[in-house]
Amino acid sequence: MTDIPTYHVLALSGGGYRSLYTATVLSELESALGRPIASHFDLICGTSAGGMLALGLAANIPAVELKALFEEKGNRIFGCRNLMRRMFGFWLTAKHASTGLRDVLNERFQSMTIGDLKHRVLIPTVNYSTGRGQFFKTPHHPSFELDHRMKLVDVALATAAAPVYFPLSRNERGVFADGGLVGNAPGLFGLHEVRTFLAPNQQAKVRVLSIGTMTIGSTVRGGASLDRGFGKWRGSLFDLVISAQESSVDYMLRQSLGEDYFQIDDKATPDQGKDVKSLDRVSIGSTNTLRDRGVHAAQRALGDPLFKPFRAHQAAAATFYHGTNKNSTNTTEVSC
């Protein structure tokens, strides 16, 4: 009897500085598993700050170092505000310049490209030049011929260009906005990627591990005005978009995969919610809350029987059809 092929997908949600929670979970899991967490997954998906983490893991950067990027560089990423941005941020300009984020990414990724990665990735973003969602991917299918040339810095800036928080990002492929507009929780995209490109026409088993960012559900108070312009919406409009997506994707994956879907996430208590409400709040309080809850979430996952398959899985070496790590000469569509 032929064994059913199994594919494991790691899906990392976006959440700005709240992705310190995600990075902490990854660091704790990697330490407990004793080897790079990327080696447990056949595809790594990440949106916005989760996209930065996904690219880092696929580049074999230890999770503990990715966690340190948020802890040590958070103020540089979310602190670029000149007088103009302090006065008119959210109104006429983005709240933060992208200079700090770009500098941090350049220091970490340097000139690396998607083609240099040895693990499959899928990074959602929105191409504002075409008005469509766009997904940057490693060349793990013969038809993926262009993305491998993209610098990791440009891909990370594209997926993290959160409306009103950061400026739009321009690169050789167009103008881009945050991937959270099309898929803040990318697990559903990962499931589709496996079934369509990695194991088409196969009865493959797919498991998805999703790691959230303690996303606060954006809600309206009972006595709030219902007639609101941008001055009242401001950043909460984007928060609403991503929180609504998170809950919808979680529901669909639970329905589609059952016990083959495992989510690691937490809801902040009312007091902690004050620390982590904003995507760009970098403070002692937010850092402590995100780290503490991340450590506990990882410990809880490690003790859950439903996590055991993710712990045991060893991903096979990826097949790439283009770029630096090309290891296949087959340019016709094949079943993996």
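Residues numbered from 1 in each chain as written. Predicted model: local features only at pLDDT ≥ 70, side-chain atom pairs only at ≥ 80, totals over all residues. Heavy atoms only, no water.

**Student:** Is there a simple way to explain the overall build of the protein chain in this structure?
**Tutor:** A tally of helices and strands in the protein chain yields 13 helices and eight strands. Put simply, the protein chain has 336 residues, and 53% of those count as buried. Here the contacts in the protein chain between residues at least 6 apart in sequence split such that 78% fall between residues at least 24 apart. When the accessible surface of the protein chain is summed, it comes to about 15100 Å², and 51% of that surface belongs to carbon and sulfur atoms. (Helix = DSSP H or I, 4+ residues; strand = E, 2+ residues; numbered from the N terminus. Buried < 20%, exposed > 50% of the residue type's maximum accessible area, 1.4 Å probe, protein only. Contact = heavy atoms within 4.5 Å. Areas by Shrake-Rupley, 256 points an atom, 1.4 Å probe, with all protein chains shown as cover.)

**Student:** Help me understand the environment of methionine 214, please; the structure alone is not making it clear to me.
**Tutor:** Here methionine 214 lies in the loop between β7 (205-211) and α9 (230-233). Relative accessible area serves as the criterion here: at 0%, methionine 214 is assigned to the buried category. With 50 residues separating them in the primary sequence, methionine 214 and isoleucine 264 have C-alpha atoms 9.4 Å apart.

**Student:** I tried to follow the packing of helix α2 (residues 49-58) against helix α5 (residues 99-109) on my own but got confused; where do I start?
**Tutor:** Relative orientation and spacing of two packed helices are given, respectively, by the angle between their axes and the distance between those axes. Remark: α2 packs on α5, axes separated minimally by 12 Å, with the N-to-C direction vectors making an angle of 10°. Overall, the two elements α2 and α5 adopt an arrangement that is roughly parallel. Counting all contacts with α2, which are made through Met52, Leu55 and Gly56, the residues of α5 involved are Leu101, Leu105 and Phe109. Per-class residue counts for the contact of α2 with α5 are five nonpolar, one polar and no charged. (Axes fitted to C-alpha atoms, helices over the stretch in contact; angles between N-to-C directions. Parallel < 35°, antiparallel > 145°, perpendicular 65-115°, else oblique. Nonpolar A, V, L, I, M, F, W, Y, C, P; charged D, E, K, R; others polar.)

**Student:** It is not clear to me how the pattern of salt bridges should be interpreted in this structure. Could you clarify?
**Tutor:** Two side chains of opposite charge can pair, provided their charged atoms sit close to one another. Inspection of every chain in the model, using the stated rule, returns twelve salt bridges. We note a salt bridge from glutamate 71 to arginine 291, for which the minimum N-O separation is 3.1 Å. Placement of the pair is glutamate 71 in helix α3 (residues 63-77) and arginine 291 in helix α12 (residues 284-302), with a sequence separation of 220 residues. Look at glutamate 71 and you get partly exposed, because its relative accessible area is 29%. (Salt bridge = Lys/Arg side-chain N within 4 Å of Asp/Glu carboxyl O.)

**Student:** Is there a simple way to think about the pairing of strand β2 (residues 43-46) in this case?
**Tutor:** The side chains of a regular strand alternate between both faces of the sheet. Here β2 shows a buried face lined by Leu43 and Cys45 and a second buried face lined by Ile44 and Gly46. As a crossover connection, the stretch from strand β1 (residues 6-12) through helix α1 (residues 19-33) into β2 is right-handed. Both β2 and strand β3 (residues 121-127) contribute to a ladder of two bridges, which runs parallel. Residue pairing in the sheet places cysteine 45 in a bridge with leucine 122 of β3. (Right-handed = clockwise from strand over helix to strand, strands pointing away. Pairing = 2+ DSSP bridges.)

**Student:** Mind showing me how you'd approach the packing of aromatic side chains here?
**Tutor:** Any two aromatic rings considered together are summarised by their centre-to-centre distance and by the angle between their planes. All told, the structure shown has eight aromatic pairs when counted by the stated rule. Here tyrosine 17 and phenylalanine 78 contribute two aromatic rings whose centre-to-centre distance is 6.4 Å and whose plane-to-plane angle is 85°, an arrangement assigned as edge-to-face. Pair noted here: tyrosine 17 is in the loop between β1 and α1 and phenylalanine 78 is in the loop between α3 and α4 (83-88), with a separation of 61 residues, a long-range link. A residue is classified by how much of its surface remains accessible, and tyrosine 17, at 1% relative accessible area, is buried. Accessibility expressed as a relative area gives 12% for phenylalanine 78, which makes it buried. (Phe/Tyr/Trp six-rings, centres within 6.5 Å; stacked < 30°, edge-to-face > 60°.)

**Student:** Mind showing me how you'd approach the nonpolar core here?
**Tutor:** Leu10, Leu26, Leu55, Leu57, Leu209 and Ile264 are the most contacted members of the largest nonpolar core, which has 66 residues in total. Apart from the residues lying within four places of it in its own chain, the contact partners of leucine 209 are Val9, Leu10, Ala11, Phe41, Phe262, Ile264, Phe307 and Phe310. (Core = buried A, V, L, I, M, F, W, Y, C linked by side-chain atoms within 4.5 Å.)

**Student:** Sorry, what's going on with the pairing of strand β4 (residues 132-137) here?
**Tutor:** Where β3 and β4 come together, six bridges link them in antiparallel fashion. From the neighbouring strand, threonine 125 faces β4, where its bridge partner is glutamine 134. Linkage of β3 to β4, two consecutive antiparallel strands, is achieved through a turn of four residues, within which glycine 131 is found at a positive phi near 75°.

**Student:** Would you take a moment to explain the side chain of serine 27 for this structure?
**Tutor:** Within the element layout of this structure, serine 27 appears in helix α1. Serine 27 sits in the buried class, given a relative accessible area of 9%. Residue contacts for serine 27: discarding those within four places in its chain leaves Ala63, Val64 and Lys67.

**Student:** Teacher, can you tell me more about the side chain of arginine 120 here?
**Tutor:** Of note, arginine 120 is situated in the loop between α5 and β3. Despite its burial, arginine 120 pairs with no opposite charge, the nearest such side chain being aspartate 42 at 4.4 Å. There is a polar contact of 2.8 Å between the side chain of arginine 120 and the backbone oxygen of aspartate 42. Among all residues touching arginine 120, those that are not within four sequence positions of it are Asp42, Leu43, Ile44, Thr138, His140, Leu198, Ala318, Thr319 and Phe320. (Lys, Arg positive; Asp, Glu negative; His and termini not counted. Polar contact = N/O pair within 3.5 Å; in protein donor to acceptor, adjacent residues only side chain to side chain.)

**Student:** What is the right way to read unusual backbone geometry from this model?
**Tutor:** What is expected of a backbone is that most residues other than glycine have negative phi and most peptide bonds are trans. Even without glycine at this site, glutamine 110 takes up a positive phi of about 50°. Looking at the secondary structure, you find glutamine 110 in the loop between α5 and β3. When its relative accessible area of 57% is taken as the criterion, glutamine 110 is described as exposed.

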